[in-house]
Amino acid sequence: MRLSRFGRKFTGDSGTLKLMDDLGEAFGSGREMINLGGGNPSHIPRMEETFRAQLAALAQRPGELERAMGDYSGPSGDRTFRGAVADLLRAEHGWDVGPDHVCVTNGSQAGFFALFNLLAGPDEDGGERRILLPMAPEYIGYADIGVGPGLFVSHRPSFEFLEDRFFKYRVDLDDLEVRDDIAALCVSRPTNPTGNVLTDDELASLHGLARERDIPLILDNAYGVPFPGILFRDVRPLWDESVILFMSLSKLGLPGLRTGIVVADPALVRALASANALMTLAPCAFGPALVRGLFESGEVIALSREVVRPHYEARAARAAATLLDDLQDCDVLLHRPEGAIFLWLWCRGIPVSSAELYERLKRRGVVVVSGEHFFPGLEHDPWPHKSECMRLTYSDSPEKVETGLAIVAEEVRRAYREG
Ligand code: PLP
């Protein structure tokens, strides 16, 4: 098969493909694997009952299920749903938004692909524009989605060392340079993979920098408020027309419906809608149809606060305590879990790379994600920290997570002891 440059890039090694392959293997091979790897959300019974009830109600309303399955929506998504999203955000956060500020995408990953390549890459004057990630580790899904090479510029964070063997990454604002070739800043908050939540001050500084340069600040809110609300800190949400806010139904428990939601300046929404039209004709209509009632009633917010957040907060505390307890005799630290669905384990000075640990764990039936995939923009930085970390998801059943974490601890201890 003779591939284009794009073809080679998109079929080459990538952390995202490895992750999704592992996830497929963990669930589909018949071999009993413990998945501490992929970002699958928990199956929360109360959420699943709610989705079933919404599905039954959708099927009862004359013509609605048929429209959701049988009609293309417009390229920015169903207008009634976009209106419901805007109403919810206006009521909850007081943001001045309407349906024209909202675009639906086939999952936020597809939205990021379109957006990053709309804003960055080769420009008309022969220059190259890039996306600045103010600090890495950052979300693995960004890493390989530039059509051209070198789409990201990133920076090492600084470290805050906390009590009880926790630490927190901080944006190193002194080191942060926004060069002229930067097309946008982008951060996930809460952050995948670390569970970090940028402080209000950090976010305000990044927002200020973006506004100074008249470039957008892309905020990836896949775990944030008002839904799914997997955020354990009391921080202020942020939006204005210089912010491009990404949200998703996935971590509410609906990743199979591939529904992302972008809130942005209407001109940007039109650009994304064009990309939707070319890539997919129209975004998925089924996800929006299923949850529209929950948005119109505001129930999605109550569920996020009362069901989703407490579920993950309890899981995070339990998983962190188990792992730190199992690794008392090793020089490891955990990033403080402030949101999202992951533990980020830092094995200081470990003599074995996280890629090798990943392979050893896979042979023992436990899938994790090796840390080095989470440094987009720092690919050429020989920083040892990149291969001392791993991401562990705690969304599976507590029994499985605990069995998996015990195996992780055994392998980490063995690596410190024997190399
Ligand atoms: N952004 C972050 C930070 C994520 O963790 C994920 C998924 O894990 C996504 C975006 C993509 O979500 P989806 O494409 O399922 O909406």
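This is a predicted model, so every value here is computed, not measured.

Caption draft 1: Broad picture of the overall build of the protein chain. Regarding its fold elements, the protein chain presents 13 helices and 16 strands. Expected size for 419 residues packed as a compact globule is a radius of gyration near 22 Å; at 21 Å, the protein chain falls within 12% of this value. Considering only C-alpha atoms, the protein chain reaches an extent of 65 × 55 × 50 Å along its principal axes. Residues counted as buried form 56% of the 419 residues belonging to the protein chain. Carbon and sulfur atoms make up 50% of the accessible area of the protein chain, which amounts to about 17800 Å² in all. Averaging the positions of the 45 positive and the 61 negative side-chain charges in the protein chain gives two centres separated by 3 Å.

Caption draft 2: Representation of the packing of helix α12 (residues 354–363) against helix α13 (residues 398–418). Viewed as axis vectors pointing N to C, α12 and α13 meet at an angle of 130 degrees, and their least axial separation amounts to 10 Å. Of the possible angle classes, the one that applies to α12 and α13 is oblique. Between α12 and α13 lies a crossing of right-handed hand. Of α13, the residues touching α12 (which contributes L357, R360 and L361) are I407, V408, E411, V412 and A415.

Caption draft 3: Summary view of the domain arrangement of the protein chain. You can read the domains of the protein chain as domain 1 (5–46 + 303–418) and domain 2 (72–298). For domain 1 and domain 2, the distance between their C-alpha centroids amounts to 23 Å. The interface of domain 1 with domain 2 comprises 50 residues on the first partner and 54 residues on the second. Where domain 1 abuts domain 2, roughly 4400 Å² becomes buried across the two surfaces, and 62% of that area is made up of carbon and sulfur atoms. Taken together, domain 1 and domain 2 are joined by four salt bridges. Where domain 1 meets domain 2, there are 25 residue pairs in polar contact (both at pLDDT 80 or more). Counting only elements with at least two residues in the side of domain 1 that touches domain 2, the list comes to α1 (5–11), α2 (15–28), α11 (299–326), β12 (332–335), β13 (342–347) and β16 (389–393).

Caption draft 4: Summary view of the site of the ligand. The ligand sits among 13 residues. The nearest are N192, D220, Y223, S248 and S250. Here an oxygen atom of the ligand and a side-chain polar atom of K251 are 2.8 Å apart. Calculation on the ligand without its partners gives an accessible area of 400 Å², and the protein chains cover 93% of this total. Those elements that provide at least two residues to the shell around the ligand are α6 (108–119) and α8 (250–253).

Caption draft 5: Here's a closer look at the sheet that holds β16. Spatially, the six strands line up as an open sheet ordered β6-β7-β12-β13-β16-β15, and their pairing is mixed. Each edge of the open sheet carries a strand with a single partner, namely β6 (158–161) and β15 (369–370). By the bridge criterion, two bridges tie strand β7 (residues 166–170) to β12 in an arrangement that is parallel. Among the inter-strand pairings, F167 is bridged to a residue of β12, identified as H335.

Caption draft 6: Broad picture of the packing of aromatic side chains. With the rule as written, the count across this model stands at 23 aromatic pairs. Aromatic pair F116 and F152: ring centres 5.3 Å apart, planes at 85 degrees, arrangement edge-to-face. Placement of F116 in helix α6 and of F152 in strand β5 (residues 152–154) is noted, with a sequence separation of 36 residues between them. Judged by relative accessible area, which is 9%, F152 ranks as buried. Ring geometry for Y223 against F342: centres 6.0 Å apart, planes inclined by 80 degrees, an arrangement best described as edge-to-face.

Caption draft 7: Summary view of the pattern of salt bridges. The final tally for this structure, using the stated rule, is 27 salt bridges. The shortest N-O distance in the salt bridge between R292 and E296 comes to 3.1 Å. Here R292 pairs with E296, and both are found in helix α10 (residues 286–297), just four residues apart, close to one helical turn. With its nearest N and O atoms 3.3 Å apart, the salt bridge here joins E418 to R417. Each member of the pair, E418 as well as R417, carries the same accessibility label: exposed. One network of salt bridges, with partners in common, ties together K168, R233, R336 and E338.

Caption draft 8: Spatial organisation of helix α9 (residues 266–280). Here α9 spans 20 Å end to end across 15 residues, near enough to the 21 Å set by a 1.5 Å rise per residue. In this structure, the buried residues of α9 make contact with β2 (102–105), α6, β10 (243–248) and β11 (260–263). Two residues or fewer after α9 comes L281, characterised by a positive phi angle close to 65 degrees.

About the thresholds
Residues numbered from 1 in each chain as written. Predicted model: local features only at pLDDT ≥ 70, side-chain atom pairs only at ≥ 80, totals over all residues. Heavy atoms only, no water. Helix = DSSP H or I, 4+ residues; strand = E, 2+ residues; numbered from the N terminus. Rg over C-alpha atoms; globule rule 2.2 N^0.38 Å. Buried < 20%, exposed > 50% of the residue type's maximum accessible area, 1.4 Å probe, protein only. Areas by Shrake-Rupley, 256 points an atom, 1.4 Å probe, with all protein chains shown as cover. Lys, Arg positive; Asp, Glu negative; His and termini not counted. Charge placed at Lys NZ, Arg CZ, Asp CG, Glu CD. Axes fitted to C-alpha atoms, helices over the stretch in contact; angles between N-to-C directions. Parallel < 35°, antiparallel > 145°, perpendicular 65-115°, else oblique. Left-handed = near helix turned anticlockwise from the far one by under 90°. Contact = heavy atoms within 4.5 Å. Domains from an automatic or database assignment. Buried area = accessible area lost by both parts, 1.4 Å probe. Salt bridge = Lys/Arg side-chain N within 4 Å of Asp/Glu carboxyl O. Polar contact = N/O pair within 3.5 Å; in protein donor to acceptor, adjacent residues only side chain to side chain. Near = heavy atom within 4 Å. Pairing = 2+ DSSP bridges. Phe/Tyr/Trp six-rings, centres within 6.5 Å; stacked < 30°, edge-to-face > 60°. Expected span 1.5 Å × (residues − 1).

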